[in-house]
Amino acid sequence: MLFWLREEEMSLQELQQRLDSVITHVDEIMQQEIRPLLAVDIIEQLHRQFAILSGGRGKDGAPIITFPEYSGFGDLPDDDFLNVVTYLTSIPSLEAASIGFIIIIDRRQDKWSAVKASLMRIAGAFPGNLQLVLVLRPSRFIQRAIADIGIKLHRDDFKMKVPIFLYRLYFIPIKLYNASPQYMLKIIMLNSVSDLHGYIDKAQLTCELGGNLEYCHSQWIHHRTAIENFAVIVKSTTRMLQRFGTSLSETELPNEVQCTQDLLATQIAKHDKLKDELKLAMKQGMTLLSYIKDLATQNANCKLNPDELENVTTVERLLAQLDETENAFEEFWLKHHLKLEQCLQLHHFERDFREVKVALDSLMEILAAFSNIGDGVAQVEHLLRELKSLEERAQESQEKAQLYALHGDQLIQSNHYAVDSIRPKCVELRRICDDFTNGAKKKYDILGKSYEIHKRIDEPPNNVFLLNSYD
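Residues numbered from 1 in each chain as written. Predicted model: local features only at pLDDT ≥ 70, side-chain atom pairs only at ≥ 80, totals over all residues. Heavy atoms only, no water.

**Regarding the overall build of the protein**
Reasoning step 1: Summing up its helical and strand segments, the protein has 13 helices and 6 strands in all.
Reasoning step 2: Scored against the burial criterion, the 471 residues of the protein give a buried share of 46%.
Reasoning step 3: For the protein, restricting intrachain contacts to residue pairs at least 6 apart in sequence, the fraction spanning at least 24 positions comes to 74%.
Reasoning step 4: Carbon and sulfur atoms make up 53% of the accessible area of the protein, which amounts to about 24600 Å² in all. (Helix = DSSP H or I, 4+ residues; strand = E, 2+ residues; numbered from the N terminus. Buried < 20%, exposed > 50% of the residue type's maximum accessible area, 1.4 Å probe, protein only. Contact = heavy atoms within 4.5 Å. Areas by Shrake-Rupley, 256 points an atom, 1.4 Å probe, with all protein chains shown as cover.)

**Some details on the nonpolar core**
Reasoning step 1: Judged by nonpolar contacts, the single largest core of 36 residues is most densely connected at Leu360, Ile422 and Leu429.
Reasoning step 2: Of all the secondary-structure elements, those providing two or more residues to this core are α9 (257-297), α10 (306-368), α11 (377-413) and α12 (419-457).
Reasoning step 3: Ignoring sequence-local partners within four residues, the contact set of Leu429 consists of Phe353, Val356, Ala401, Tyr404 and Ala405.
Reasoning step 4: In terms of nonpolar packing, the next biggest core, distinct from the first, is built from 33 residues, Met30, Val234, Leu289 and Leu318 among them. (Core = buried A, V, L, I, M, F, W, Y, C linked by side-chain atoms within 4.5 Å.)

**Observations concerning the pairing of strand β1 (residues 64-67)**
Reasoning step 1: Alternating positions in β1 separate into two faces, Ile64 and Thr66 on one and Ile65 and Phe67 on the other, with burial throughout.
Reasoning step 2: Both β1 and strand β2 (residues 101-106) contribute to a ladder of 4 bridges, which runs parallel. Directly across from Ile65, in β2, lies its bridge partner Ile103. (Pairing = 2+ DSSP bridges.)

**Examining the side chain of Asp80**
Reasoning step 1: Of note, Asp80 is situated in helix α3 (residues 78-90).
Reasoning step 2: At 3.3 Å, the side chain of Asp80 and the side chain of Gln45 are in polar contact.
Reasoning step 3: Asp80 has contacts with Gln45, Arg48 and Phe50, leaving out every residue within four places of it along the chain. (Polar contact = N/O pair within 3.5 Å; in protein donor to acceptor, adjacent residues only side chain to side chain.)

**Digging into α10**
Reasoning step 1: If you check α10, its first and last C-alpha atoms are 91 Å apart, about what 63 residues at 1.5 Å a residue would give, namely 93 Å.
Reasoning step 2: Residue Asn305 occupies the N-cap position of α10, its side-chain oxygen lying 2.9 Å from the main-chain nitrogen of Asp307. (Expected span 1.5 Å × (residues − 1).)

**Some remarks on the pattern of salt bridges**
Reasoning step 1: Inspection of every chain in the model, using the stated rule, returns 20 salt bridges.
Reasoning step 2: Ionic pairing is found between Arg18 and Glu324, a salt bridge with its closest N-O pair at 2.9 Å. Here Glu324 lies in helix α10 and Arg18 lies in helix α1 (residues 2-29), a separation of 306 residues in the sequence.
Reasoning step 3: For the salt bridge of Glu428 with Arg431, the shortest nitrogen-to-oxygen distance reads 2.8 Å. Of this pair, Glu428 and Arg431 both sit in helix α12, 3 residues apart, which is roughly one turn of the helix. (Salt bridge = Lys/Arg side-chain N within 4 Å of Asp/Glu carboxyl O.)

**Considering the environment of Glu277**
Reasoning step 1: Note that Glu277 resides in helix α9.
Reasoning step 2: Separated by 44 residues in the primary sequence, Glu277 and Ile233 have C-alpha atoms spaced 10.0 Å apart.

**Some words on the packing of α10 against α11**
Reasoning step 1: Relative orientation of the contacting elements α10 and α11 amounts to 155 degrees, with a least axis distance of 10 Å. The angle between α10 and α11 places the two elements in the roughly antiparallel class. Seen from above, α10 lies across α11 with left-handed handedness. Contact residues: α10 offers Gln345, Phe349, Asp352, Val356, Ala359, Leu360, Leu363, Ile366 and Leu367, while α11 offers Leu387, Leu390, Arg393, Ala394, Ser397, Gln398, Lys400, Ala401, Tyr404, His407, Gly408 and Leu411.
Reasoning step 2: When the residues that make up the contact of α10 with α11 are grouped by side-chain class, the tally is 13 nonpolar, 5 polar and 3 charged. (Axes fitted to C-alpha atoms, helices over the stretch in contact; angles between N-to-C directions. Parallel < 35°, antiparallel > 145°, perpendicular 65-115°, else oblique. Left-handed = near helix turned anticlockwise from the far one by under 90°. Nonpolar A, V, L, I, M, F, W, Y, C, P; charged D, E, K, R; others polar.)

**A short note on the confidence of the model for the protein**
Detailed reading of predicted coordinates is not advised where the pLDDT is low.
Reasoning step 1: In the predicted model, the protein carries a mean pLDDT of 83, and 83% of its residues have values of at least 70.
Reasoning step 2: Low confidence marks residues 153-184, where pLDDT is under 50. Its contacts with residues over four positions away, or in another chain, come to 71 contacts. (pLDDT = per-residue confidence, 0-100.)

**Brief notes about the packing of aromatic side chains**
Between two aromatic rings, the relevant description is the distance of the centres plus the angle of the planes.
Reasoning step 1: In total, this model carries 8 aromatic pairs according to the counting rule given.
Reasoning step 2: Here Phe67 and Phe81 contribute two aromatic rings whose centre-to-centre distance is 6.1 Å and whose plane-to-plane angle is 25 degrees, an arrangement assigned as stacked. Of this pair, Phe67 sits in strand β1 while Phe81 is found in helix α3, placing the two residues 14 residues apart along the sequence.
Reasoning step 3: Residue Phe67 is classed as buried on the basis of its relative accessible area of 1%. (Phe/Tyr/Trp six-rings, centres within 6.5 Å; stacked < 30°, edge-to-face > 60°.)

**Digging into the pairing of β2**
Reasoning step 1: Judged by how many residues are buried, β2 sits mostly within the fold: 6 of 6 residues are covered.
Reasoning step 2: Every second residue of β2 is oriented toward a common face, with Phe101, Ile103 and Ile105 on one face and Ile102, Ile104 and Asp106 on the other, all of them buried.
Reasoning step 3: In this structure, β2 lies alongside strand β3 (residues 130-136), joined through 6 bridges in parallel fashion. Bridging across to β3, Ile105 finds its partner in Val135.

**Some words on α3**
Reasoning step 1: End to end, α3 covers 18 Å across 13 residues, agreeing with the expected 18 Å (1.5 Å per residue, within 8%).
Reasoning step 2: Listing the buried residues of α3 in full gives Asp80, Phe81, Val84, Val85, Tyr87, Leu88, Thr89 and Ser90.
Reasoning step 3: Elements that come into contact with the buried residues of α3 comprise α2 (43-48), β1, β2, α5 (112-125) and α8 (217-250).

**Focus on the packing of α8 against α10**
Reasoning step 1: Between α8 and α10, whose axes approach to 10 Å, the crossing angle comes to 10 degrees. Judged on the interaxial angle alone, α10 and α8 are roughly parallel. Where α8 approaches α10, its residues His223, Arg224, Ile227, Phe230, Ala231, Val234, Thr238, Leu241, Phe244, Gly245, Leu248 and Ser249 are matched on the opposing element by Asn311, Thr314, Val315, Leu318, Leu319, Leu322, Thr325, Phe329, Phe332, Trp333 and His336.
Reasoning step 2: Residues that form the contact of α8 with α10 fall into these classes: 14 nonpolar, 8 polar and 1 charged.

**Some thoughts on the environment of Leu319**
Reasoning step 1: By the element assignment, Leu319 lies in helix α10.
Reasoning step 2: When the C-alpha positions of Leu319 and Ala231 are compared, they lie 9.2 Å apart, and in sequence the two are 88 residues distant.
Reasoning step 3: Apart from the residues lying within four places of it in its own chain, the contact partners of Leu319 are Phe230, Met282, Gly285, Met286 and Leu289.

Put into structure tokens, the structure is as follows:
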């Protein structure tokens, strides 16, 4: 029993370690350390669409964040801006984010003040690694002239965490402060989307910017919330299984059959319910994965952009972690369930042992009471009939005892945890059966001799010589 308890404890530790690893991997997949917010936490700000991650990439694979035309950009609370930009920069993979982000600011229909406000905000609060800022400046002549003057007058206001080169359309660099060239950031003022296409391939731009990249903002939000919700489901399901595993491990084994049967039925029901929840979570993940992949099959000319491909990879990795959760728990459950079944087998065996031993002990007492060898042929014959009747009554109990002992041997061979308790009982059952059989045989021998003696005594002639022959 002590060995089983130690084994159960080790099995629980292994389960907890594997499930802890799943939770850690889910956090890594969702980049939880650098993404403190979920889409649902800032859903209202995301729906405003003042900044989007369309899935486009630069020539070197840099993720593109676009700031579309948004009339209320200057009135956005700082927290709303920072939360959305922080969230968007946390979505691309660490590999892609390390290249540096490209920002496109579309202010063609706006004023210089809007351009200035956008650059000031980005300069003061952009949380990611910036590689390039492309600004589609106001298209109206007066605003464009003001923008040119404003860039020159306010260039010091656009200093960021890294040194900056300001580029006009004529690509004349304006260095804001000294630093090594490899850390210089480019801000390029563009007159039109045609100029933009010289820096970013049209296939990586949305139709608003003259490109052909398919992008639906509501669909993007739906995907993000669905993926993050699935990650939460994976983690909550894993934690639920951890708690259930601990509960199973801490359950004291009952001491009798009915309680063990009730406990086994209860825990099987809970296990089956959790299995159903696992299957439901797996189905949700597979449905989400299929939904994202189907976007590319709906249109022959459409293919998943890098962000959507990363979404596919993310869901596949989450499904793999959910699969690991199921495998880890099932391995633990199979061991625990086996122990419960063995516990029930032990209690059945012990109950059968007690019942048959009581019967055999009673038969042994009756057999021991056969001390009378009879005082005549008739009485000896009566005693032999009683002994025969006792043997017949004992046959059922002896057969049961042999059967229970054989069952005990099978339990021992199956590596039952209670071998040390089962083996002595098997030995005891066989010993009692042998004792009864040998005792009955001795009684038969004694009564048989008594019968022969009394039979010869009752014969008329040569009674003395017959008696002497038995001396």
